[in-house]
Amino acid sequence: KAGVTQTPRYLIKTRGQQVTLSCSPISGHRSVSWYQQTPGQGLQFLFEYFSETQRNKGNFPGRFSGRQFSNSRSEMNVSTLELGDSALYLCASSSGQGPHTEAFFGQGTRLTVV
Amino acid sequence: DAKTTQPNSMESNEEEPVHLPCNHSTISGTDYIHWYRQLPSQGPEYVIHGLTSNVNNRMASLAIAEDRKSSTLILHRATLRDAAVYYCILRENYGGSQGNLIFGKGTKLSVKP
């Protein structure tokens, strides 16, 4: 079956702009999480959605937001982009909830802010 | 902060077994131990997970210490394709939520032909 799909794969934006990234989870998966990966900070959790509800949120400023649609697809939005937002943004989906479930990651969206 | 401690890097020869250690001395009774790996230019990939007993799957084996304060990921025969950063993660039970994955620095595994 198809894996987690993230679009676009690459993006270049200017400081101050906003950006929306998209994630289509594996069919049947209702849980979607987002992560930011940078060389300095590594992989950091942004937020988790399950059935259109945000369940967990990481320690990121309010410029970072997300949502999940009824078909489980998810988007994340970053407003007023800063140079430090340049990163690989990864989306992961899971079939259910609970700490025993495995997460399946997409290839990520590489965002460059200039 | 990450609740696991792993060596920064390890080297292995192709076709030989690899034992990747992980310390998690503050693990609670309901935390699951997960391992993921990230190949260059790809998203992380699930490898294996366990709670108390040793686990085997087609990719690897997970050996969990009796006191659960440490675990070891075992790759039985390393191949060049196994060169990646390996992350040991404790996944907490948030009472219904999947719980976010808290990634540490991981262990960068190099495999020599």
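Remember, it's a predicted structure, so these values are computed and weren't measured experimentally.

So, how was this worked out
Residues numbered from 1 in each chain as written. Chains lettered and ligands numbered in written order. Predicted model: local features only at pLDDT ≥ 70, side-chain atom pairs only at ≥ 80, totals over all residues. Heavy atoms only, no water. Helix = DSSP H or I, 4+ residues; strand = E, 2+ residues; numbered from the N terminus. Rg over C-alpha atoms; globule rule 2.2 N^0.38 Å. Contact = heavy atoms within 4.5 Å. Lys, Arg positive; Asp, Glu negative; His and termini not counted. Charge placed at Lys NZ, Arg CZ, Asp CG, Glu CD. Buried < 20%, exposed > 50% of the residue type's maximum accessible area, 1.4 Å probe, protein only. Pairing = 2+ DSSP bridges. 1 Å grid on protein atoms, 1.4 Å probe; cavity = no way out; pocket = protein on both sides within 12 Å on 5 of 7 lines; lining within 4 Å. Points joined across faces, edges and corners; volume = space filled by probe spheres on them. Nonpolar A, V, L, I, M, F, W, Y, C, P; charged D, E, K, R; others polar. Disulfide = S-S within 2.5 Å. Polar contact = N/O pair within 3.5 Å; in protein donor to acceptor, adjacent residues only side chain to side chain. Buried area = accessible area lost by both parts, 1.4 Å probe. Salt bridge = Lys/Arg side-chain N within 4 Å of Asp/Glu carboxyl O.

Colleague: I'd like a rundown of the overall build of chain B, residues and numbers included.
Modeller: A tally of regular secondary structure across chain B gives zero helices and nine strands. Counting from the amino terminus, chain B carries its helices and strands in the arrangement β-β-β-β-β-β-β-β-β. Over its C-alpha atoms chain B spans a radius of gyration of 14 Å, differing by no more than 12% from the 13 Å that the globule rule assigns to 113 residues. Considering only contacts in chain B between residues 6 or more positions apart, those separated by 24 or more positions represent 56%. Looking at charge distribution, chain B has the averaged site of its 11 positive side-chain charges lying 4 Å from that of its 11 negative ones.

Colleague: With reference to specific residues and values, describe the pairing of strand 8 (residues 84-91) of chain B.
Modeller: Two faces belong to every sheet, and in a regular strand the side chains alternate between them. Residues and elements named next belong to chain B. For strand 8, a buried count of seven out of eight residues is recorded, marking the element as mostly surrounded by other parts of the structure. Examined bridge by bridge, strand 3 (residues 32-38) and strand 8 share seven bridges and lie antiparallel to one another. The residue bridging Tyr 36 from the neighbouring strand is Tyr 87, located in strand 8. Bridge count for strand 8 against strand 9 (residues 107-112) is three bridges, and the pairing is antiparallel.

Colleague: Would you mind going over the layout of surface pockets in detail, with residue names and values included?
Modeller: The computed volume of the largest pocket comes to approximately 590 Å³. Lining the largest pocket are 27 residues, with Gln37(A), Gln38(B), Leu39(B), Pro40(B) and Ser41(B) positioned closest to its centre. Elements that contribute at least two residues to the lining of the largest pocket include exactly strand 4 (31-38) and strand 5 (42-50) of chain A together with strand 8 and strand 9 of chain B. Residue classes in the lining of the largest pocket are distributed as 11 nonpolar, 12 polar and four charged.

Colleague: Please give an account of the state of the cysteines that cites residues and values.
Modeller: All names here are of chain B. Taken as a whole and judged by the stated rule, the model has two disulfides over all chains. There is a disulfide in this structure between Cys 22 and Cys 88, and the S-S distance comes to 2.1 Å. Looking along the S-S bond of the Cys 22-Cys 88 disulfide, the torsion reads about -80 degrees, which is the left-handed sense. Taken as a pair, Cys 22 in strand 2 (residues 18-23) and Cys 88 in strand 8 lie far apart in primary sequence, 66 residues in all. For the pair shown, Cys 22 and Cys 88 are each scored as buried.

Colleague: I'd like to hear about the side chain of Gln37(A), residue by residue, with values.
Modeller: Structurally, Gln37(A) is set in strand 4. A distance of 2.9 Å separates polar atoms of two side chains, one belonging to Gln37(A) and the other to Gln38(B). With residues near it in sequence (within four places) discarded, Gln37(A) still touches Gly42(A), Leu43(A), Ala87(A), Leu88(A), Leu90(A), Gln38(B) and Tyr87(B).

Colleague: Tell me about the interface of chain B and chain A, and please be specific about residues and values.
Modeller: Counting from both sides, the interface comprises 24 residues of chain B and, opposite them, 24 residues of chain A. Buried surface at the junction of chain B and chain A, both sides included, amounts to about 1,900 Å², of which 49% is carbon and sulfur. Where chain B packs against chain A, one counts zero salt bridges. Our count for the chain B to chain A interface comes out at four residue pairs in polar contact (both at pLDDT 80 or more). Counting only elements with at least two residues in the side of chain B that touches chain A, the list comes to strand 3, strand 4 (45-50) and strand 8 of chain B.

Colleague: Requested: an account of the pattern of salt bridges, with residues and values cited.
Modeller: In total, this model carries eight salt bridges over all chains according to the counting rule given. Between Lys112(B) and Glu11(B) there is a salt bridge, and its shortest N-O distance comes to 3.4 Å. Of this pair, Lys112(B) sits in strand 9 while Glu11(B) sits in strand 1 (residues 9-13), and the two are 101 residues apart along the sequence. With relative accessibility at 38%, the residue Lys112(B) sits in the partly exposed group. Exposure remark for Glu11(B): the relative accessible area of 56% places this residue in the exposed category. If you follow the salt bridges from partner to partner, you end up with Arg63(A), Glu82(A) and Asp85(A) in one network.

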